[in-house]
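The lines below spell out each chain.
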Amino acid sequence: MKYYRLSYNALNEKVTGTQFQCITGYFGDMQNDDLPFEGKIDFDFDLPIPKLEAKAKLTAFLKVMFIDGPFLVLENDFITFLKKFNFDEIQTWAIEIKQKDQTYYNYSLFYVPKTYQSEVINFKDSDFFSCDFFNHNNNIKKEEIKDYENYLKIREKVDNDNRILKYNTLVLNLSNFDKDFFRLINCPFSGYFVSERLKEAIEREGFQSMRFEDIESIDNQIMVNY
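A. Molecular detail of the sheet that holds strand β8 (residues 121-132). Taking strand neighbours across the sheet as the criterion, the four strands line up as β9-β8-β10-β14 in an open arrangement whose pairing is mixed. On the outer flanks of this sheet lie β9 (141-143) and β14 (222-225), each paired with one strand and no other. Pairs of neighbouring strands in the sheet enclose a mean axial angle of 25 degrees, with direction left out of account. Direction of pairing for strand β10 (residues 163-173) relative to β14: parallel, over a ladder of four bridges. Opposite V171, over in β14, you have M223 as the bridge partner. This element, helix α4 (residues 148-160), spans β8, β9 and β10 of the sheet and lies at about 160 degrees to β10.

Put into C-alpha cells, the structure is as follows:
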C-alpha cells in the first residue's frame, strides 16, 4: 500500500482564502519545550487560540503558523472521519478559533502519541555519513547505523563534534505496514503520513486544504520498500 506525506496546501488559495490562514493569536503553551514530541500527554497545558486572517476560509485542516511539529489543527468532523481508519490512539483538545468578531468551536488540537521511526526506517540498509556542519563536502565519514537507538547516539556524538549527520540513501520499509495514518519524528524524514486508501477517501469526501506528497518524489535519495 502506497503512502504519502500529509501537509497543508498553501498554494490553493481558492480553497484556503489566503496562503497563510493563521499567523497570530494566543500561543498558549505551543512554544513550551515541556510539551513532548511523542508519547501520551497526561497533564494539562495552556491551549492556543488561533486568530484567522480576514480572508482565510475555514477548512478541514487549518494551517496555524505557531502550531507545528506533532500538533495539527483539524475540524472535528474531519477527526470523526479519520477515526474510521486504522491508526493508533489519538489525543484531541477542543480549541476556539477567532476571526474578526466571530468565534468558532468546531476545531481541535490533534496529536498522535505513538511514532514509528524505529519500525518504518531501515537504518541498517540506509547509507549515512557525517561531515562538516557548514560544508557538507568536507571531512566526510561513513557512519554505520544499526537501528533507531544507535542513530540517536551517533547523531549526538556527531553534533558534539560540531558536525552533521546526513544520508546518501534512506530506506523506508512499508511492505508489511497496515496503518492508514502515522507519524515519524526526530529522524531524517519526519511528519504525518497517510495511506493511499485514506488519501483517496479524503479526496472523495471533499475534505480540502491538504497536500499529499508521494514519499519518493519528495527526495530522490529516499527508497521505499512496499
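B. The arrangement of helix α5 (residues 196-205) in detail. Considered for burial, the residues of α5 that qualify are L198, K199, A201 and I202. Taken down its axis, α5 places every buried residue within 165 degrees of arc, on the same side. Buried-residue contacts for α5 involve β1 (3-8), α2 (76-82), β11 (181-184), β12 (191-195) and β13 (210-214). Phi turns positive one or two residues past the end of α5, at G206, with a value near 85 degrees.

C. Just the layout of surface pockets, in detail. In this structure, the largest pocket spans a volume of roughly 440 Å³. Forming the walls of the largest pocket are 23 residues, and the residues nearest its centre are D68, G69, L72, G191 and Y192. Of all elements in the fold, only β1, β4 (61-62), β5 (71-75), β11 and β12 reach the threshold of two or more residues within the lining of the largest pocket. The biggest single contributor to the lining of the largest pocket is β1, with four residues. Its volume calculated, the second largest pocket comes out at about 180 Å³. Looking at the second largest pocket, the residues that line it are M30, Q31, N32, D33, L35, P36, F37, F66, I67, D68, P70 and F71. Counted by class, the lining of the second largest pocket contains eight nonpolar, two polar and two charged residues.

D. Structural view of the nonpolar core. Counting 25 residues, the largest nonpolar core has L172, F182 and I215 as its most contacted members. If near-sequence neighbours (up to four positions away) are discounted, I215 is found in contact with Y3, Y4, R5, L172, L174, F189, F193, I222, V224 and Y226. Of all hydrophobic cores here, the second largest spans 24 residues; its members include F61, F87, V194 and I202.

E. Region of interest: the sheet that holds β11. One open sheet accounts for four strands, arranged β11-β12-β1-β13; its pairing is antiparallel. Pairing within the sheet leaves two strands with one partner each, and these edge strands are β11 and β13. If you compare each strand with its neighbour and ignore which way they point, the axes differ by 40 degrees on average. Bridge count for β1 against β13 is five bridges, and the pairing is antiparallel. Residue pairing for β13: Y8 is matched across the bridge by M210. Packed onto the sheet, α5 meets β1, β11, β12 and β13 and runs at close to 85 degrees relative to β12.

F. Inspection of the environment of I185 at higher detail. Relative to the helices and strands, I185 resides in the loop between β11 and β12. Beyond its immediate chain neighbours, meaning those up to four positions away, I185 contacts F37, E38, T115, Q117, Y148 and S190.

G. Quick look at α4. The first and last C-alpha atoms of α4 sit 18 Å apart over 13 residues, in line with the 18 Å expected at 1.5 Å per residue. The backbone nitrogen of E149 lies 3.3 Å from a side-chain oxygen of the residue at the head of α4, namely D147. N162, located one to two residues past α4, shows a positive phi value of around 60 degrees.

What counts as what
- Residues numbered from 1 in each chain as written.
- Predicted model: local features only at pLDDT ≥ 70, side-chain atom pairs only at ≥ 80, totals over all residues.
- Heavy atoms only, no water.
- Pairing = 2+ DSSP bridges.
- Helix = DSSP H or I, 4+ residues; strand = E, 2+ residues; numbered from the N terminus.
- Axes fitted to C-alpha atoms, helices over the stretch in contact; angles between N-to-C directions.
- Contact = heavy atoms within 4.5 Å.
- Buried < 20%, exposed > 50% of the residue type's maximum accessible area, 1.4 Å probe, protein only.
- Arc of directions from axis to C-beta.
- 1 Å grid on protein atoms, 1.4 Å probe; cavity = no way out; pocket = protein on both sides within 12 Å on 5 of 7 lines; lining within 4 Å.
- Points joined across faces, edges and corners; volume = space filled by probe spheres on them.
- Nonpolar A, V, L, I, M, F, W, Y, C, P; charged D, E, K, R; others polar.
- Core = buried A, V, L, I, M, F, W, Y, C linked by side-chain atoms within 4.5 Å.
- Expected span 1.5 Å × (residues − 1).
- Polar contact = N/O pair within 3.5 Å; in protein donor to acceptor, adjacent residues only side chain to side chain.

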